[in-house]
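# Structural description and commentary
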Amino acid sequence: MKWFLRNWTDIVYALWEHIAISLTALTIAFALSLVIGLVVARRERLYGAVMAVSGILYTIPTLAFLAFLIPLVGLGRTNAIITMVAFSLMILIRSVATGIREVPADVIDAARGMGMNAAQIMRRIELPLALPVIVAGLRVSAVTVISVTVVAAYVNAGGLGTLIFNGIASDHPAKIWAGALTACALAVSVDLLLALLERQLKRRRAA
């Protein structure tokens, strides 16, 4: 506790780096997944191919992915962000495509009958109704990325993993606990916030 109080600025800085890496990766991954998911949702063969590729990326061990990127982009945040984006695609694309597919066909037919074109149906009908499923996928992906970003310290990306690995290297339990508990608190907080958003969206959809 004394070490925590004396070094709280270092912990806050590591937390900020962790949030920056995770948020950047999730933003990029979500933007890519939204576009890809909308394109492949009703194209079964294309969906299968995309899920196969994203599934392969998802199964690559994190450390192996980080190491593979070192000759291409070097050490640092770029390496970590690319890895986290690749790691998130499968979950996010699947949630977007599943959400779109679950929109009732009669609702879409009714929208067409009202004169809406495909873009209007997507924007006004399909996306709003698919939001609860999309947010559920984002929730899983966000918690996963926050957790795995700890490993990004291996490539000098910063974040809370730096405290953990420095603590392990120097046999300093206080550093290990500070990094691990802060990372857990961040993951739990984000999970609770997105769970609340998901419930609100489900209530709105039911209404």
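Anything mentioned here points back to the structure above.
Everything in this summary refers to the structure shown in the same document.

Each value, and the rule that gives it
Residues numbered from 1 in each chain as written. Predicted model: local features only at pLDDT ≥ 70, side-chain atom pairs only at ≥ 80, totals over all residues. Heavy atoms only, no water. Salt bridge = Lys/Arg side-chain N within 4 Å of Asp/Glu carboxyl O. Helix = DSSP H or I, 4+ residues; strand = E, 2+ residues; numbered from the N terminus. Buried < 20%, exposed > 50% of the residue type's maximum accessible area, 1.4 Å probe, protein only. Expected span 1.5 Å × (residues − 1). Arc of directions from axis to C-beta. Contact = heavy atoms within 4.5 Å. Core = buried A, V, L, I, M, F, W, Y, C linked by side-chain atoms within 4.5 Å. Phe/Tyr/Trp six-rings, centres within 6.5 Å; stacked < 30°, edge-to-face > 60°. Lys NZ or Arg CZ within 6 Å of the ring centre and 35° of its normal.

## Examining the pattern of salt bridges
- According to the stated counting rule, one finds 5 salt bridges in the structure shown.
- When the shortest N-O distance is used, the salt bridge between Glu126 and Arg42 registers 2.8 Å. Of this pair, Glu126 sits in helix H7 (residues 118–148) while Arg42 sits in the loop between helix H2 (8–40) and helix H3 (44–59), placing them 84 residues apart in sequence.
- Relative accessible area serves as the criterion here: at 6%, Glu126 is assigned to the buried category.
- When its relative accessible area of 48% is taken as the criterion, Arg42 is described as partly exposed.
- Arg139 is paired through a salt bridge with Glu198; the nearest N and O atoms lie 3.4 Å apart. Remark: Glu198 occurs in helix H9 (residues 173–206) and Arg139 occurs in helix H7; sequence separation between them is 59 residues.
- On the accessibility criterion, Glu198 (10% relative accessible area) is buried.

## Describing helix H4 (residues 62–73)
- Over its 12 residues, H4 extends 16 Å from the first C-alpha to the last, a length consistent with the 16 Å expected when each residue adds 1.5 Å.
- Buried within H4 are the following residues: Thr62, Phe65, Leu66 and Leu69. Across the axial projection of H4, the buried residues extend over an arc of 95°, all falling on one side. Within H4, the exposed residues directed more than 90 degrees away from the buried face are Phe68 and Pro71.
- The inward-facing, buried residues of H4 contact H3, helix H5 (77–101) and H7.
- Downstream of H4 by one or two residues, Gly74 has phi in the positive range, about 80°.

## A short note on unusual backbone geometry
- Positive phi, normally seen in glycine, also occurs at Asn156, with a value near 60°.
- Owing to a relative accessible area of 57%, Asn156 belongs among the exposed residues under this scheme.

## As for the nonpolar core
- Ranked by size, the top nonpolar core spans 18 residues in total, and within it Ile21, Ala25, Ala80, Ile81, Met84, Val85 and Ala157 carry the most contacts.
- At the level of elements, H2, H5 and H7 are the ones that each hand at least two residues to this core.
- A total of 6 residues in this core trace back to one element, the largest contributor, which is H5.
- With near-sequence residues (within four places) excluded, Ala25 lies in contact with Ile81, Met84 and Val85.
- Grouped together as the second largest cluster of nonpolar side chains are 13 residues, Val50, Met51, Leu89 and Ile134 included.

## Comments concerning the packing of aromatic side chains
- Within this structure, the stated rule accounts for 2 aromatic pairs.
- Ring centres of Tyr58 and Phe87 lie 4.9 Å apart, and the angle between their planes is 20°; on these two criteria the pair is classed as stacked. Note that Tyr58 is positioned in helix H3 and Phe87 in helix H5, a separation of 29 residues in sequence.
- Note that Arg101 overlies the ring of Tyr47, its terminal NZ or CZ placed 4.1 Å from the centroid.

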